[in-house]
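# Survey of secondary and tertiary structure
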Protein chains: 2
Amino acid sequence: MDYVAPSAEQILALHVSAGIEELAAHQRFAAADAELVGAIVEGIGAFAAGEWAPLNRVGDTEGAVARGGEVSLPAGFREAYAAYVEQGWNAIAGPTAFGGQGLPFALACCVLENLGAANMAFTLLPMLTVGAIEALDHHGSDAQKALYLEKLVSGAWSGTMNLTEPQAGSDVGALRATATPITEGPHAGKHRIKATKIFITWGEHDLAENIIHLVLARTPGAPAGSRGVSLFVVPKYHVEADGSLGARNDVRVVSIEHKLGIHASPTCVMSFGDDDDCIGELVGPEHGGLRAMFTMMNSARINIGSQGVQIAQAALQQAMAYARDRVQSVRAGAADRTPVAIIEHPDVRRMLLRMRGLTEGARALLYYTAGQVDRGSLGQAGAAARADLLVPILKAWATDIGCEVASLGIQIHGGIGYVEETGAAQYYRDARIAPIYEGTNGIQAADLVTRKLAMEGGAVLAALMAQIGADCAEEANLAALASECAAIGVWMRTEGSLDDRLAGSVPFLTMCAVAVAGWQLLLQSRAVRGAQGSIAQTKPIVARWFLDHLVPEAMGHAAAARGGYALLAGLNAELLAS
Amino acid sequence: MDYVAPSAEQILALHVSAGIEELAAHQRFAAADAELVGAIVEGIGAFAAGEWAPLNRVGDTEGAVARGGEVSLPAGFREAYAAYVEQGWNAIAGPTAFGGQGLPFALACCVLENLGAANMAFTLLPMLTVGAIEALDHHGSDAQKALYLEKLVSGAWSGTMNLTEPQAGSDVGALRATATPITEGPHAGKHRIKATKIFITWGEHDLAENIIHLVLARTPGAPAGSRGVSLFVVPKYHVEADGSLGARNDVRVVSIEHKLGIHASPTCVMSFGDDDDCIGELVGPEHGGLRAMFTMMNSARINIGSQGVQIAQAALQQAMAYARDRVQSVRAGAADRTPVAIIEHPDVRRMLLRMRGLTEGARALLYYTAGQVDRGSLGQAGAAARADLLVPILKAWATDIGCEVASLGIQIHGGIGYVEETGAAQYYRDARIAPIYEGTNGIQAADLVTRKLAMEGGAVLAALMAQIGADCAEEANLAALASECAAIGVWMRTEGSLDDRLAGSVPFLTMCAVAVAGWQLLLQSRAVRGAQGSIAQTKPIVARWFLDHLVPEAMGHAAAARGGYALLAGLNAELLAS
């Protein structure tokens with residue numbers, strides 16, 4: 001169906017939750033004034049609706065096709081990607097030294113949010129390129145930056161991340177790819193790469209002129225585990241010193257996966273060095289691969305969290321339109337026996353309000369997190385740590401609610417929602433990957449209760465929850481939730497064993513997410529007081545639903561968060577699987 | 001993957017929750033002694049695993065195919081269905097006068113549970129036949145029973161229910177199908193049917209010798225709405241007085257839907273009377289169609305609730321097997337740096353225990369409900385009303401948890417769970433229909449807070465919750481939940497408006513379901529004390545998880561259940577969809 005960008009919602013979130021005006025007060029982001037922000041939000045919304053949304057369904061039904069070492073997309077994708085590059089959307093937050101606009105990350109989030117709501121599978125292509133840009137910008141040599149960044153920033157070339165191998169999924173350190181130094185010949189100083197990588201998103205395709213693969217591999221004698229991993233840049237086509245494309249490198253797609261959803265995103269099995277002629281170049285120091293990965297991880301996880309918002313928004317729009325159009329049954333208790341649009345039935349409204357509450361809550365959390373990233377990059381005290389704390393919370397919760405909202409979208413359609421032609425089912429299928437990739441949500445929760453909870457002796461979480469409590473003293477539910485989150489944090493750090501923390505990590509993460517999202521919705525609701533437009537009427541109701549219904553629901557997870565490991569320990573693997 | 005029937009779980013549920021021994025103490029069910037129960041549970045488990053499970057994947061990938069007015073299934077379905085009929089599994093609870101064994105409904109539930117866990121889409125075929133048997137057995141004339149029941153009971157013929165039309169989904173009364181009396185000729189006394197029906201499950205196929213369609217239609221001058229609907233029996237092939245098959249009736253499949261899941265179940269658009277020669281016969285009194293529908297509804301809804309258990313069981317088995325096999329990452333905090341099977345990671349265990357708790361809780365609720373149906377059919381005081389109360393609770397909650405467990409099943413697999421070949425995704429897709437058909441879960445919840453809550457002035461719910469409270473006085477969480485369910489029931493009946501009740505209906509239903517399921521798990525847990533086998537070790541832990549984690553989570557829905565309609569009313573349709 002048609003995509004209509006939620007521009008007013010996005011501008012409010014940029015304003016209140018990302019604090020874009022404060023960012024624009026800094027020299028570096030001075031360009032991000034209200035006018036430019038408005039132009040970007042409206043512009044990318046229109047672009048996404050006009051160019052990418054029409055390809056969403058055909059991307060699902062036809063999907064990416066691998067044939068003879070080439071991967072092609074349905075008609076229209078090439079043109080739509082070319083338009084995206086030409087209009088400069090890829091360069092919003094890219095480094096200015098290489099053609100980027102250097103605008104706040106929060107604005108880049110808005111670009112991806114619109115593109116992904118219009119076409120989630122397609123949007124993985126620019127999303128992966130962001131990772132390559134960050135890795136090279138932070139860890140590459142000047143020569144590497146000069147060679148690759150401009151084309152990546154514009155989007156003329158795309159990027160990939162090659163981590164996973166069959167035996168090395170969540171455990172990246174288990175990877176076996178090798179990189180052997182080349183000591184002579186034209187490639188002296190570079191490495192010969194030998195690897196089979198799986199689950200490589202957009203690993204091969206024909207939309208960009210070149211594909212810059214970033215590959216994790218081991219050099220000879222490297223330590224075992226993740227400390228022995230190095231990062232290499234492996235272009236599909238070699239790049240000559242003058243920037244022109246040379247011969248094809250020895251890297252090829254073996255096959256693409258037949259997946260539940262995101263059919264337009266080719267998920268590739270990639271083979272590097274079948275002919276012993278795959279040339280890669282070390283990025284950053286040897287054995288520094290994991291650090292480079294961490295650089296990319298924060299924004300990648302935020303961008304996957306954004307996918308939850310994207311798919312929720314798309315599912316919400318379709319369900320709202322259907323609920324207004326579909327006439328079925330008389331209104332319960334009404335004297336008038338004329339059937340009404342189903343949006344008038346209380347439980348359909350409940351589902352729609354829940355969909356809205358979850359979607360807007362997740363968006364609020366997304367932009368709040370993005371704003372903290374931007375503050376961190378400006379050196380604002382505490383912001384980087386707060387962003388680090390929020391990243392796993394956002395990634396996991398937003399992708400969870402993406403699945404829930406897509407499921408509610410089907411439910412609102414009734415039987416027709418189960419029929420593929422309607423499109424509601426695609427959202428349900430597409431959404432399901434987001435809780436898995438870029439670190440499963442269980443891994444996000446583990447990150448929260450180990451590394452992130454330990455930051456500054458627990459003070460990062462404590463400060464956040466204290467701020468929420470202070471901002472919403474009159475909101476008893478939310479104040480209680482923030483206080484309980486803080487208390488569980490203390491319990492986990494001081495009393496709970498590592499196993500106790502891990503056992504309660506997912507319910508705890510959900511509680512934290514709802515606390516932050518509820519807080520930001522409350523602030524957004526306060527900000528629209530007296531404003532014009534429907535958002536001034538809807539936001540207070542959506543926020544109220546969130547605080548009065550969802551926050552108590554999140555409190556219901558406290559018992560599980562504090563439940564500890566003892567029950568799980570009682571079942572050995574044999575019994576548990578009996 | 002291979003299906004292994006959870007026979008010990010089923011026998012425990014039949015014993016404790018359905019109370020099969022008490023049922024066998026009655027003359028009518030005397031045959032259902034422990035030996036026969038054991039033989040049926042083991043027998044159908046082996047049959048489902050051996051004959052139906054191997055067809056689950058091909059049923060998904062190839063699916064039902066419509067071509068030239070015929071619908072065919074992949075190779076193997078004919079033989080598997082024939083074996084099912086030949087071994088007599090279809091006749092377990094059928095009326096003895098027509099070849100049925102007349103055993104308790106709870107045992108028929110066990111048959112369907114196994115078949116459906118092995119192959120959910122296939123099992124819709126016998127499930128629909130049950131509905132036709134019930135309609136004819138309760139409302140058909142002696143001649144109709146003689147003509148149709150024996151073949152339906154054996155399964156040689158299958159049945160369908162034809163309610164839905166494009167404009168008449170949840171609102172059955174909006175249907176426009178017509179039935180015109182035939183006054184002369186060989187079909188005098190019968191009706192000429194003209195109808196287009198959609199979403200007709202197994203409406204056409206080649207596995208049974210004949211298909212007996214039950215069709216809702218309006219006779220000339222019938223009152224508007226559901227009170228003017230009559231039920232007709234419309235065989236695919238006319239049946240001669242001697243029971244032999246005659247000419248083909250004027251009914252045909254137009255197309256089948258392209259659905260998210262259950263691909264082996266042909267969901268048909270059916271056309272009756274294209275050549276004005278579709279002959280049907282009235283079943284029961286004219287305008288009595290809705291009553292006949294209600295007859296079928298209880299067991300049909302229970303059987304759909306069972307689908308939640310089925311898909312949860314299937315997803316659980318696959319996830320448990322994967323979690324034991326898949327080695328990834330070292331155990332957090334362990335000195336030994338050898339990677340372990342992921343079942344050893346606390347959050348994977350949490351997911352598995354949650355899957356088990358939800359699955360076993362839903363099964364307990366299923367068999368408890370089935371046992372109440374059987375008691376009701378024996379005339380035991382209060383049982384029929386309690387069954388009526390439980391039906392919407394079971395249907396909605398069990399199908400909800402079916403989706404959740406299937407989703408957790410994907411999550412445990414990680415990236416490979418998103419790849420279709422693994423099979424985890426099929427469960428996720430198949431499961432999603434169950435909250436929709438046979439009355440959406442919203443309609444179940446509406447039934448609960450209107451008709452069912454009003455029964456005996458609220459006493460049916462109150463008595464159930466009081467019994468739970470009495471049985472688990474020492475379980476503070478569960479006692480509190482039962483008490484809160486009772487209190488919300490009172491609030492809804494005495495203070496809440498109809499809209500308030502409807503607005504809180506779904507969260508209230510979830511709370512009631514968790515209370516009953518938790519109670520039954522507790523009783524099952526008590527029953528295995530001192531018993532042999534792994535169930536004596538696992539059940540107490542699963543029940544403890546349910547009481548300590550899931551019951552508090554359900555309490556978190558109380559605010560929403562009591563939240564009322566005011567918030568929803570604040571958004572008119574225009575704003576809500578803005």
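Residues numbered from 1 in each chain as written. Chains lettered and ligands numbered in written order. Predicted model: local features only at pLDDT ≥ 70, side-chain atom pairs only at ≥ 80, totals over all residues. Heavy atoms only, no water.

Another point: the overall build of chain A. Each helix and strand in chain A was counted, giving 21 helices and 14 strands. Computed over the C-alpha atoms, the radius of gyration of chain A is 24 Å, within 12% of the 25 Å expected from 2.2 N^0.38 for a compact globule of 578 residues. With the C-alpha coordinates aligned to their principal axes, the bounding extent of chain A is approximately 85 × 60 × 55 Å. By the burial criterion, 64% of the 578 residues in chain A qualify as buried. Intrachain contacts of chain A at a sequence separation of at least 6 include 74% that bridge at least 24 residues. (Helix = DSSP H or I, 4+ residues; strand = E, 2+ residues; numbered from the N terminus. Rg over C-alpha atoms; globule rule 2.2 N^0.38 Å. Buried < 20%, exposed > 50% of the residue type's maximum accessible area, 1.4 Å probe, protein only. Contact = heavy atoms within 4.5 Å.)

Moving on, we get to the packing of helix H3 (residues 34–52) of chain B against helix H6 (residues 105–118) of chain B. Residues and elements named next belong to chain B. Two elements in contact, H3 and H6, have axes whose closest approach is 8 Å; the angle formed by their N-to-C orientations is 20°. With respect to H6, the element H3 is oriented roughly parallel. Crossing geometry of H3 relative to H6 is assigned as right-handed. Of the residues in H6, those touching H3 at Val37, Ile40, Val41, Ile44, Gly45, Phe47, Ala48 and Trp52 are Leu107, Cys110, Val111, Asn114, Leu115 and Ala118. (Axes fitted to C-alpha atoms, helices over the stretch in contact; angles between N-to-C directions. Parallel < 35°, antiparallel > 145°, perpendicular 65-115°, else oblique. Left-handed = near helix turned anticlockwise from the far one by under 90°.)

Further remarks concern the UniProt feature "domain: Acyl-CoA dehydrogenase/oxidase N-terminal" (unreviewed entry) in chain A. The sites that UniProt annotates as "domain: Acyl-CoA dehydrogenase/oxidase N-terminal" (unreviewed entry) are residues 74–155 of chain A. Helix makes up 70% of residues 74–155 of chain A and strand makes up 0%, while its end C-alpha atoms are separated by 20 Å. (UniProt positions renumbered as here; feature names shortened; annotations may be inferred.)

With that settled, the discussion passes to the pattern of salt bridges. A full pass over the atoms with the stated rule returns 59 salt bridges over all chains. Linking Glu165 of chain A and Lys197 of chain A is a salt bridge whose minimum nitrogen-to-oxygen distance equals 3.0 Å. Here Glu165 of chain A is found in the loop between strand S3 (157–162) and strand S4 (178–181), whereas its partner Lys197 of chain A is found in strand S5 (residues 191–201), with 32 residues between them in sequence. There is no split in this pair, since Glu165 of chain A and Lys197 of chain A are both buried. Of the charged contacts, one joins Arg356 of chain B and Glu360 of chain B as a salt bridge, the two residues approaching to 3.0 Å between their closest N and O atoms. With Arg356 of chain B and Glu360 of chain B both in helix H10 (residues 346–377), this residue pair falls four residues apart, about one helical turn. Here Arg356 of chain B and Glu360 of chain B have matching classes, each one buried. Members of the salt-bridge network, linked through shared partners, are Glu9, Arg356, Glu360 and Lys539 of chain A. (Salt bridge = Lys/Arg side-chain N within 4 Å of Asp/Glu carboxyl O.)

With 23 residues, helix H17 (residues 505–527) of chain A should cover 33 Å at 1.5 Å per step; its first-to-last C-alpha distance of 33 Å lies within 8% of that length. Summarising burial for H17 of chain A: 20 of the 23 residues are buried, a large majority. (Expected span 1.5 Å × (residues − 1).)

What follows deals with the interface of chain B and chain A. Between chain B and chain A, the contact holds 87 residues from the first and 87 residues from the second. When chain B packs against chain A, close to 7,700 Å² is buried across both sides, 62% of that on carbon and sulfur atoms. For the interface between chain B and chain A, the tally reads four salt bridges. In this structure, Glu574 of chain B engages Arg324 of chain A in a salt bridge whose closest nitrogen and oxygen atoms are separated by 3.0 Å. Across the chain B-chain A interface, the total number found is 47 residue pairs in polar contact (both at pLDDT 80 or more). Examining the composition of the side of chain B that touches chain A, we find that nine residues originate from one element, helix H18 (residues 535–555) of chain B, more than from any other. Split by residue class, the side of chain B that touches chain A holds 40 nonpolar, 26 polar and 21 charged. (Buried area = accessible area lost by both parts, 1.4 Å probe. Polar contact = N/O pair within 3.5 Å; in protein donor to acceptor, adjacent residues only side chain to side chain. Nonpolar A, V, L, I, M, F, W, Y, C, P; charged D, E, K, R; others polar.)

The subject of this paragraph is the nonpolar core. In terms of nonpolar packing, the biggest core is built from 410 residues, with Trp397 of chain A together with Trp397 of chain B touching the most fellow members. In terms of nonpolar packing, the next biggest core, distinct from the first, is built from five residues, Leu12, Val16, Ile535 and Ala536 of chain A among them. (Core = buried A, V, L, I, M, F, W, Y, C linked by side-chain atoms within 4.5 Å.)

This paragraph deals with the environment of Gln144 of chain A. All names here are of chain A. For Gln144, the position within the fold is in helix H8 (residues 142–154). In sequence terms Gln144 and Leu282 are 138 residues apart; their C-alpha atoms lie 9.8 Å from each other. With sequence-adjacent residues up to four places away left out, Gln144 is seen in contact with Leu149, Val233, Glu281, Leu282 and Val283. There is a polar contact of 2.9 Å between the side chain of Gln144 and the backbone nitrogen of Ser141.

This paragraph deals with helix H14 (residues 459–471) of chain B. All names here are of chain B. When the terminal C-alpha atoms of H14 are compared, their 18 Å separation across 13 residues agrees well with the 18 Å that a helix rising 1.5 Å per residue should span. All buried positions along H14 are accounted for by Val460, Leu461, Leu464, Met465 and Ile468. The buried residues of H14 occupy an angular sector of 125° when projected down its axis, which confines them to one face. Its buried side turned inward, H14 meets H10, helix H11 (383–413), helix H13 (441–454), helix H15 (476–494) and helix H17 (505–527). (Arc of directions from axis to C-beta.)

For the pair chain B and chain A, the superposition axis carries a translation of 0.0 Å, the fit reaches an RMSD of 0.0 Å, and the rotation angle comes to 180°. Interpreted geometrically, this transformation is the action of a two-fold axis. Every residue of chain B has its C-alpha some distance from the rotation axis, and the shortest such distance is that of Gly556 of chain B, at 2.1 Å. (Least-squares fit on C-alpha atoms with pLDDT ≥ 70 in both.)

Feature annotation in UniProt assigns "domain: Acyl-CoA oxidase/dehydrogenase middle" (unreviewed entry) to the following positions: residues 161–273 of chain A. Taken end to end, residues 161–273 of chain A is 0% helix and 46% strand, and its two terminal C-alpha atoms sit 17 Å from one another.

This part is about the packing of aromatic side chains. For any two aromatic rings, the description comes down to two numbers: the centre-to-centre distance and the angle of the planes. The final tally for this structure, using the stated rule, is 25 aromatic pairs over all chains. Here the aromatic rings of Tyr81 of chain B and Phe122 of chain B are separated by 6.5 Å at their centres, their planes lie at 45°, and the arrangement is tilted. With a gap of 41 residues between them, Tyr81 of chain B in helix H5 (residues 77–86) and Phe122 of chain B in helix H7 (residues 120–139) connect regions that are remote in the sequence. Take Tyr81 of chain B: its relative accessible area is 1%, and that puts it in the buried class. Take Phe122 of chain B: its relative accessible area is 0%, and that puts it in the buried class. Taken together, the aromatic side chains of Phe47, Trp52, Phe77, Tyr81, Tyr84, Phe122 and Trp202 of chain A make up a single cluster linked through ring pairs. The lysine or arginine in question, Arg248 of chain A, covers the ring of Tyr237 of chain A, its NZ or CZ lying 5.6 Å from the ring centre. In this arrangement the basic side chain of Arg432 of chain A is found over the ring face of Tyr428 of chain B, its NZ or CZ atom lying 5.9 Å from the centre. (Phe/Tyr/Trp six-rings, centres within 6.5 Å; stacked < 30°, edge-to-face > 60°. Lys NZ or Arg CZ within 6 Å of the ring centre and 35° of its normal.)

The subject of this paragraph is the side chain of Arg331 of chain A. Along the chain, the position of Arg331 of chain A falls in the loop between strand S13 (327–330) and strand S14 (339–341). Looking at Arg331 of chain A, its side chain comes within polar contact range of the side chain of Asp499 of chain B, at 2.9 Å. Here the side chain of Arg331 of chain A touches Tyr565 of chain B through a polar contact of 3.3 Å, side chain to side chain. The contact partners of Arg331 of chain A, leaving out residues within four places of it in the chain, are Arg337, Val340, Glu344, His345 and Pro346 of chain A together with Asp499 and Tyr565 of chain B.

Attention shifts here to the environment of Val37 of chain B. With respect to the helices, strands and loops of the structure, Val37 of chain B is situated in helix H3. Not counting residues up to four positions away in its chain, the partners in contact with Val37 of chain B are Leu14, Ile20, Ala32 and Leu107 of chain B.

Residue and element names in this part refer to chain B. One non-glycine residue, Phe199, adopts positive backbone phi at about 55°. As for its position among the elements, Phe199 is in strand S5 (residues 191–201). If you check the backbone angles, Glu438 has positive phi at about 60° while not being a glycine. Position of Glu438 among the secondary structure elements: in the loop between helix H12 (424–431) and H13.

Another aspect to go through is the packing of H10 of chain B against H18 of chain B. All names here are of chain B. Two numbers describe how H10 lies on H18: the axes approach to 9 Å, and their chain directions differ by 90°. Overall, the two elements H10 and H18 adopt an arrangement that is roughly perpendicular. For the pair H10 and H18, the contacting residues are Leu353, Arg354, Arg356, Gly357, Leu358, Glu360 and Gly361 in the first and Thr538, Lys539, Val542, Trp545, Phe546, Leu550 and Glu553 in the second. For the contact of H10 with H18, the residue count by class is six nonpolar, three polar and five charged.

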